[in-house]
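Single-letter residue listing:
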Amino acid sequence: MLAFGINAVIPGADFAMVLRQSIAHDRRAALFTSAGIATSILVHGSYTLLGVGVIVGQSLLLFNVLKWLGAAYLVYLAISALRSPPPKPPAESDLVAARRGDFSAFALGFLTNLLNPKAVLFFLALFTSLVSAHTSGDIKVFYVVCMSLMLFAWFALVSVFFTTASVRVSFFRFGRWFNRVTGITFILLAVRVALAQQH
């Protein structure tokens, strides 16, 4: 569990996404994105328990399909970031629209984590080291749920910090540079995913 916690706080695609949602939108969007990321962990845990994770981890074809889907999704996010207007304090009408986009924010986080092949391999390696053939099903489910809650707690803290008024104002000063930096970050993460190898 400690290894999972350390991996969770290391900046990656999930962190970049929550940061962008916090600055470009608001705390509500960032929290729903965080919930999507945490829910994706439940999916990783479920297929690992069913043995599908081993198949993905050992099949070069399935791994490459997941890898290129993940890379393509990150490139899509990069293009979206680069084409977005500079972030600014939301008006009241923007807040109403944001509430209607809760599912979109959730799906954004869910897909960002789900399509990351490195997350799949890390979860598989970590989970198989935590459990054995003698570990009961209840304990396995408990581990998965704890990991999901731990991840949500971390990104909820990230969401709260980066949506603090003073922090957001400092990012607003960057204007379009914020979008450019996040767009380039997503491109670099896409390259990193595309170069991922099975171990």
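Predicted, not measured: the structure shown is a model, and the values here were computed from it.

Caption draft 1: Main features of the packing of aromatic side chains. All told, the structure shown has 7 aromatic pairs when counted by the stated rule. Taking 5.9 Å as the distance between ring centres and 70° as the angle between the ring planes, the aromatic pair formed by Phe 162 and Phe 171 counts as edge-to-face. Overall, the relative accessible area of 18% leaves Phe 171 in the buried class. One aromatic cluster in this structure is built from Phe 15, Phe 161, Phe 162, Phe 171 and Phe 178. One Lys or Arg, Arg 180, reaches over the ring of Trp 177 and ends 4.8 Å from the middle of that ring.

Caption draft 2: Structural context of helix H2 (residues 13-24). If you check H2, its first and last C-alpha atoms are 16 Å apart, about what 12 residues at 1.5 Å a residue would give, namely 16 Å. Of all the 12 residues making up H2, 11 are buried; the element is thus mostly covered by neighbouring parts of the structure. Regarding H2, the residues found buried are Ala 13, Asp 14, Phe 15, Ala 16, Met 17, Val 18, Leu 19, Arg 20, Gln 21, Ser 22 and Ile 23.

Caption draft 3: Seen up close, a nonpolar patch on the surface. Together, Leu 42, Leu 49, Val 141, Val 145 and Leu 149 line one region of the surface with nonpolar side chains, adding up to about 390 Å² of accessible area. Looking at the nonpolar patch, the elements that each hand over two or more residues are helix H3 (27-49) and helix H9 (137-162). Counting residues per element, the nonpolar patch draws most heavily on H9, at 3 residues. Following the sequence through the fold, Val 141 ends up in helix H9.

Caption draft 4: Layout of the packing of H2 against H9. Their axes nearest at 9 Å, the elements H2 and H9 cross at an angle of 35°. Remark: the crossing between H2 and H9 carries right-handed chirality. Residues Asp 14, Phe 15, Val 18, Leu 19, Ser 22 and Ile 23 of H2 touch H9, and the partners they reach there are Trp 154, Phe 155, Val 158, Ser 159 and Phe 162. Class assignment of the residues belonging to the contact of H2 with H9 gives a composition of 8 nonpolar, 2 polar and 1 charged.

Caption draft 5: Representation of the nonpolar core within the structure. Counting 18 residues, the largest nonpolar core has Met 17, Tyr 73, Leu 74, Leu 77, Leu 108, Phe 186 and Leu 189 as its most contacted members. Within the residue set of this core, elements represented by two or more residues are H2, helix H5 (60-83) and helix H11 (176-194). Of all the elements, H5 adds the most residues to this core, at 6 residues. In contact with Phe 186, not counting residues within four places along its chain, are Ala 13, Ala 16, Met 17, Arg 20, Leu 74, Leu 77 and Ala 78. Core analysis: the next-biggest nonpolar cluster, separate from the first, contains 16 residues, Val 18, Leu 19, Phe 162 and Phe 171 among them.

Caption draft 6: Summary view of the side chain of Asp 14. Note on placement: Asp 14 falls in helix H2. Despite its burial, Asp 14 remains without a salt bridge, the nearest opposite charge being carried by Arg 192 at 10 Å. Residues contacting Asp 14, with those up to four places away along its chain left out, are Ile 37, Thr 112, Asn 113 and Phe 155.

Caption draft 7: Structural detail: the environment of Val 145. Topologically, Val 145 is positioned in helix H9. A C-alpha to C-alpha distance of 6.8 Å links Val 145 and Leu 42, two positions 103 residues apart in sequence.

Caption draft 8: Region of the structure containing the packing of H5 against H11. The geometry of H5 relative to H11 is characterised by a closest axis approach of 8 Å and an angle of 170° between their N-to-C directions. The angle between the axes of H5 and H11 places the two elements in the roughly antiparallel class. Of H11, the residues touching H5 (which contributes Lys 67, Trp 68, Gly 70, Ala 71, Leu 74, Val 75, Leu 77, Ala 78, Ala 81 and Leu 82) are Asn 179, Arg 180, Thr 182, Gly 183, Phe 186, Ile 187, Leu 189, Ala 190, Val 193 and Ala 194.

So, how was this worked out
Residues numbered from 1 in each chain as written. Predicted model: local features only at pLDDT ≥ 70, side-chain atom pairs only at ≥ 80, totals over all residues. Heavy atoms only, no water. Phe/Tyr/Trp six-rings, centres within 6.5 Å; stacked < 30°, edge-to-face > 60°. Buried < 20%, exposed > 50% of the residue type's maximum accessible area, 1.4 Å probe, protein only. Lys NZ or Arg CZ within 6 Å of the ring centre and 35° of its normal. Helix = DSSP H or I, 4+ residues; strand = E, 2+ residues; numbered from the N terminus. Expected span 1.5 Å × (residues − 1). Patch = residues over 30% accessible without salt bridge, like charges linked within 9 Å, V, L, I, M, F, W, Y side chains within 5 Å. Areas by Shrake-Rupley, 256 points an atom, 1.4 Å probe, with all protein chains shown as cover. Salt bridge = Lys/Arg side-chain N within 4 Å of Asp/Glu carboxyl O. Axes fitted to C-alpha atoms, helices over the stretch in contact; angles between N-to-C directions. Left-handed = near helix turned anticlockwise from the far one by under 90°. Contact = heavy atoms within 4.5 Å. Nonpolar A, V, L, I, M, F, W, Y, C, P; charged D, E, K, R; others polar. Core = buried A, V, L, I, M, F, W, Y, C linked by side-chain atoms within 4.5 Å. Lys, Arg positive; Asp, Glu negative; His and termini not counted. Parallel < 35°, antiparallel > 145°, perpendicular 65-115°, else oblique.

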